[in-house]
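# Per-entry structural report
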Amino acid sequence: QVQLVESGGGLVQAGGSLRLSCAASGRFYSINTMGWYRQAPGKQRELVAFITNGGATNYRDSVKGRFTISRDNAKNTVSLQMNSLKPEDTAAYYCNANYQTSYAGVRQISWGQGTQVTVSS
């Protein structure tokens, strides 16, 4: 019941910045956690960062100090500000949401279609 749409990807030179956004829509009671994953060609998908309903955040070590995740609960959006980008950040970035359709409902997962981030040397 939750659809996620990412935007903001593109081509940037090393050291540059990009801001990714993800908008959630559909029918749900609560989105508990939202996060960003990324996957480079031929590699496994990996968690980049996540943020809870209450605003607690967590980042993978390689992006700490460079990336900032935030969310707007009123707008049902999550963003990822990426600064000091490196070529190794090149990947398709996917928005993820864990949500419920009722208070006692089973937690479900939704994924966005992905947005490409390419960082040139």
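Structure's up top.
Conventions we followed
Residues numbered from 1 in each chain as written. Predicted model: local features only at pLDDT ≥ 70, side-chain atom pairs only at ≥ 80, totals over all residues. Heavy atoms only, no water. Helix = DSSP H or I, 4+ residues; strand = E, 2+ residues; numbered from the N terminus. Rg over C-alpha atoms; globule rule 2.2 N^0.38 Å. Buried < 20%, exposed > 50% of the residue type's maximum accessible area, 1.4 Å probe, protein only. Contact = heavy atoms within 4.5 Å. Areas by Shrake-Rupley, 256 points an atom, 1.4 Å probe, with all protein chains shown as cover. Lys, Arg positive; Asp, Glu negative; His and termini not counted. Charge placed at Lys NZ, Arg CZ, Asp CG, Glu CD. Pairing = 2+ DSSP bridges. Salt bridge = Lys/Arg side-chain N within 4 Å of Asp/Glu carboxyl O. Polar contact = N/O pair within 3.5 Å; in protein donor to acceptor, adjacent residues only side chain to side chain. Disulfide = S-S within 2.5 Å.

### Quick notes on the overall build of the protein chain
If you tally the helices and strands in the protein chain, you get zero helices and eleven strands. Taken from the N to the C terminus, the helices and strands of the protein chain come in the order β-β-β-β-β-β-β-β-β-β-β. The C-alpha radius of gyration of the protein chain comes to 14 Å, within 12% of the 14 Å expected for a compact globule of 121 residues. For the protein chain, the spread of C-alpha atoms along the three principal axes comes to 50 × 25 × 25 Å. Relative to its full complement of 121 residues, the protein chain shows a buried share of 40%. The long-range share in the protein chain, meaning contacts at least 24 apart out of those at least 6 apart in sequence, stands at 56%. For the protein chain, the accessible area works out to roughly 6,400 Å², and carbon and sulfur atoms hold 47% of it. Of the charged side chains in the protein chain, 12 are positive and 6 negative; the average position of the first set lies 5 Å away from that of the second.

### Let's talk about the pairing of strand β9 (residues 91-100)
By the criterion of burial, β9 is predominantly enclosed, with nine of the ten residues buried. Relative to strand β10 (residues 108-111), β9 runs antiparallel, the two sharing four bridges. Looking at β10, one finds that tyrosine 99 is bridged to glutamine 108.

### Points about the side chain of arginine 71
Along the chain, arginine 71 falls in strand β7 (residues 67-72). Buried charge arginine 71 goes without a salt bridge, the closest partner of opposite sign being aspartate 72 at 8.2 Å. At 2.7 Å, the side chain of arginine 71 forms a polar contact with the side chain of asparagine 73. Ignoring anything within four residues of it in the chain, the contact list for arginine 71 reads Ile31, Asn32, Thr33, Met34, Ile51, Thr52, Asn53, Thr77 and Val78.

### Section: the state of the cysteines
This structure, assessed with the given rule, holds one disulfide. The partner cysteine of cysteine 22 in its disulfide is cysteine 95, sulfur to sulfur 2.1 Å. Across the S-S bond of cysteine 22 and cysteine 95 the torsion is about -85 degrees, and the bridge reads as left-handed. In this pair, cysteine 22 is assigned in strand β3 (residues 18-26) and cysteine 95 in strand β9, connecting sequence segments 73 residues apart. Residue classification places cysteine 22 among the buried positions, given a relative accessible area of 1%. Residue class for cysteine 95 comes out buried when judged on its relative accessible area of 0%.

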